[in-house]
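Descriptive analysis of the structure
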Amino acid sequence: MDNSNIYLPNLMLIEKITQEAPGVKTFRLKFKDEEAGNNFEFKAGQFGEYSAFGEGESTFCIASSPTRKGYIECTFRETGKVTSALAKLEEGQTMGFRGPFGNTFPMDEWKGKNLLFIAGGIALPPMRCVIWNALDTRENFGDISILYGAKSVADLVYKHELKEWEERPDVRLVTTVDPGGETSDWKGEVGFVPSVLEKMNPSPENTVAIVCGPPIMIKFTFPVLEKLGFTDENIYTTLENRMKCGVGKCGRCNVGSQYVCKDGPVFSKVELEALPAEY
């Protein structure tokens with residue numbers, strides 16, 4: 001494929017569709033152009049533009065790990081015109097993909113460190129990429145802990161993978177649902193992510209915390225991490241909202257001097273603190 005036009009999408013075959021939760025699907029995509037697929041590389045944290053032809057593009061992270069070759073995966077919630085059009089597509093049909101865009105999680109810098117993943121709701125997909133990246137190169141990291149919360153049991157995504165992580169002896173997984181979201185057979189925690197994090201009481205010693213979720217969750221999780229002794233340098237997040245073109249041209253994701261699509265979407269808390277207060 002001619003890569004000179006950054007706006008020209010790759011044609012992708014939808015190999016598999018998984019219904020994760022109400023209104024949430026995961027697509028496994030394969031490049032129709034075999035050479036493009038073989039040459040495609042990305043790193044944990046990067047995102048793409050996914051298109052339903054005739055309807056437009058939508059931005060989500062690449063939810064699969066760069067350690068898994070031959071396909072990419074994206075997970076999205078049906079919320080608007082484009083995601084509704086994507087949700088109507090079926091296995092065997094074709095859609096578009098542009099990418100990868102954005103910066104990455106500094107996995108090399110984290111070698112030898114403990115990793116603490118904290119995710120809320122539909123924000124697990126950007127984390128899933130990093131989690132599998134870390135698990136597929138398990139020897140590079142110390143303890144790996146995952147805290148994941150959703151509104152209800154039905155809203156938990158990647159249920160089969162949560163079970164897999166729970167059964168692994170080299171991972172500590174804690175799942176929680178909001179009060180009222182539990183079922184009679186729910187065995188996880190009941191409570192909001194920040195309070196469950198405080199209860200977990202993870203050690204900040206040689207540990208990086210990666211946080212992703214709704215803004216309100218992030219807002220109340222950061223102070224808990226600070227209280228536990230985590231420094232701003234060891235707290236990371238990924239910002240996915242507002243992005244449109246993916247290459248810093250449209251200005252929609254501009255915050256102060258930064259463009260989330262080019263300078264992010266991955267930011268350390270140190271970098272976040274430098275952004276304008278209204279962000």
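Below, the structure is looked at part by part. (Residues numbered from 1 in each chain as written. Predicted model: local features only at pLDDT ≥ 70, side-chain atom pairs only at ≥ 80, totals over all residues. Heavy atoms only, no water.)

1. Looking at the packing of aromatic side chains
- Taken as a whole and assessed by the stated rule, the structure comprises 12 aromatic pairs.
- Relative to Phe40, the ring of Phe31 lies with its centre 5.1 Å away and its plane at 40°, an arrangement referred to as tilted.
- What makes Phe40 buried here is its relative accessible area of 16%.
- Taken together through their ring pairs, the aromatic side chains of Phe27, Phe31, Phe40, Phe42, Tyr50, Phe60, Phe76 and Phe97 make up a single cluster.
- Positioned above the aromatic ring of Tyr71, the side-chain terminus of Arg28 is 3.9 Å from the ring centre.
- Above the plane of the ring of Tyr158 lies Arg128, whose end atom (NZ or CZ) is 4.5 Å from the centre. (Phe/Tyr/Trp six-rings, centres within 6.5 Å; stacked < 30°, edge-to-face > 60°. Buried < 20%, exposed > 50% of the residue type's maximum accessible area, 1.4 Å probe, protein only. Lys NZ or Arg CZ within 6 Å of the ring centre and 35° of its normal.)

2. Some details on the sheet that holds strand β3 (residues 47-52)
- Read from one edge to the other, the open sheet built from 6 strands follows the order β4-β3-β6-β1-β2-β5, with strand pairing classed as antiparallel. Looking at which strands have only one partner, the edges of the open sheet turn out to be β4 (56-61) and β5 (72-77). The average angle at which neighbouring strand axes cross in this sheet is 40°, direction not considered.
- As defined by bridge partners, strand β1 (residues 10-21) adjoins strand β6 (residues 94-101) across 4 bridges and the pair is classed as antiparallel. Following the sheet pairing, Leu13 is matched in β6 by Thr94. (Pairing = 2+ DSSP bridges. Helix = DSSP H or I, 4+ residues; strand = E, 2+ residues; numbered from the N terminus. Axes fitted to C-alpha atoms, helices over the stretch in contact; angles between N-to-C directions.)

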